[in-house]
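Observations on chain architecture
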Amino acid sequence: MAAAGRSGWAVRHNSVVATQYGGAVGTTSHRVYFAQSNSKAPLSPWHDIPLIANPSSSYPEYNMVCEIPRWSNAKLEIDTKAPFNPIKQDTNKGSSQLRYIGNVFPYKGYIWNYGALPQTFEDPEHTDKDTGCVGDSDPVDVIEVGQAISAEGSVHRVKVLGLVGLIDDGETDWKVFAIRADDPLAGKIHGIAGLEEYMPGLVGATVDWFTKYKAPDAKPLNSWAFGGQAKDAVSTL
């Protein structure tokens with residue numbers, strides 16, 4: 001899997017998807033565009049990449065589009081309103097100032113690879129029965145806990161382990177725990193109990209992080225469905 005360059009195309013995900021940078025990282029013009037690797041025909045990482053990556057596997061594998069590499073602070077996201085939905089850096093509401101997530105002690109930036117499940121949607125017109133809130137209009141978020149740091153714009157097959165029900169600014173914002181299918185621990189971790197066994201403290205740290213991550217911007221703490229308890233994938237998907 002090639003590393004993304006600042007010019008030309010980088011091939012991703014078994015040579016099916018290619019990515020190209022436009023604009024310098026850390027500027028409002030920065031974009032990551034997606035295309036078919038064989039023809040360079042443009043595609044949307046949200047609408048055109050399939051959700052199911054390997055339906056024949058013993059455990060369902062899904063595609064994840066990585067927006068934010070672990071330990072970084074820039075709030076990168078799929079632009080759901082632009083043609084072909086490139087990844088861009090978010091800006092603070094009402095301004096052109098680029099958005100960065102503050103460090104919340106003892107964490108540094110995002111503590112996992114963070115991205116989205118293609119062809120999913122948190123419906124802003126639907127009130128979720130578990131959260132009591134409408135969706136945030138974005139693709140469903142993925143927390144990828146594997147050992148490798150994934151590049152912005154990379155696409156990976158992941159094994160879903162479970163989820164937590166974040167309520168962020170009064171909106172439903174499910175967070176799905178997953179691990180890359182090629183990670184050495186993927187064959188050993190099958191749910192939240194396995195995640196606790198092989199990565200003790202990560203689930204609690206995740207809930208703590210999302211509860212407090214807007215505090216450096218003087219915003220209130222977030223709340224949770226299920227009291228912040230994580231649910232296994234087998235009981236939720």
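By the naming in an unreviewed UniProt entry, the chain goes by V-ATPase V0 sector subunit c and is assigned to Coemansia aciculifera.

A complete count under the given rule lists 11 salt bridges for this structure. In this structure, the salt-bridge partner of Asp169 is Lys214, at a minimum N-O distance of 2.9 Å. Here the residue Asp169 occupies a position in the loop between β11 (155-168) and β12 (171-180), and Lys214 occupies one in the loop between α2 (202-212) and β13 (223-224), the gap between them amounting to 45 residues. Asp182 is paired through a salt bridge with Arg180; the nearest N and O atoms lie 3.0 Å apart.

Time to look at the packing of aromatic side chains. Scanning the model with the defined rule gives 12 aromatic pairs in all. Both rings, one in Tyr114 and one in Phe210, keep their centres 6.2 Å apart while their planes meet at 45°; by these two values the pair is tilted. Of this pair, Tyr114 sits in strand β9 (residues 113-116) while Phe210 sits in helix α2; the two residues are 96 residues apart in sequence, bridging distant segments of the chain. Ring centres of Trp209 and Phe210 lie 4.9 Å apart, and the angle between their planes is 85°; on these two criteria the pair is classed as edge-to-face. The pair Trp209 / Phe210 is uniform in exposure class, with both members buried. Clustering of aromatic rings is evident, with ring pairs tying together Tyr110, Trp112, Tyr114, Trp209, Phe210 and Tyr213. Note that Arg70 overlies the ring of Trp71, its terminal NZ or CZ placed 5.9 Å from the centroid. The ring centre of Phe226 lies 4.8 Å from the NZ or CZ of Lys231, which sits over that ring.

Here the focus is the environment of Tyr21. As for its placement among the helices and strands, Tyr21 is situated in strand β2 (residues 17-22). Residue Tyr21 is classed as buried on the basis of its relative accessible area, which comes to 11%. Put simply, Tyr21 and Glu152 are 131 residues apart on the chain and 10.0 Å apart in space, counted from C-alpha to C-alpha.

Calculation notes
- Residues numbered from 1 in each chain as written.
- Predicted model: local features only at pLDDT ≥ 70, side-chain atom pairs only at ≥ 80, totals over all residues.
- Heavy atoms only, no water.
- Salt bridge = Lys/Arg side-chain N within 4 Å of Asp/Glu carboxyl O.
- Helix = DSSP H or I, 4+ residues; strand = E, 2+ residues; numbered from the N terminus.
- Phe/Tyr/Trp six-rings, centres within 6.5 Å; stacked < 30°, edge-to-face > 60°.
- Buried < 20%, exposed > 50% of the residue type's maximum accessible area, 1.4 Å probe, protein only.
- Lys NZ or Arg CZ within 6 Å of the ring centre and 35° of its normal.

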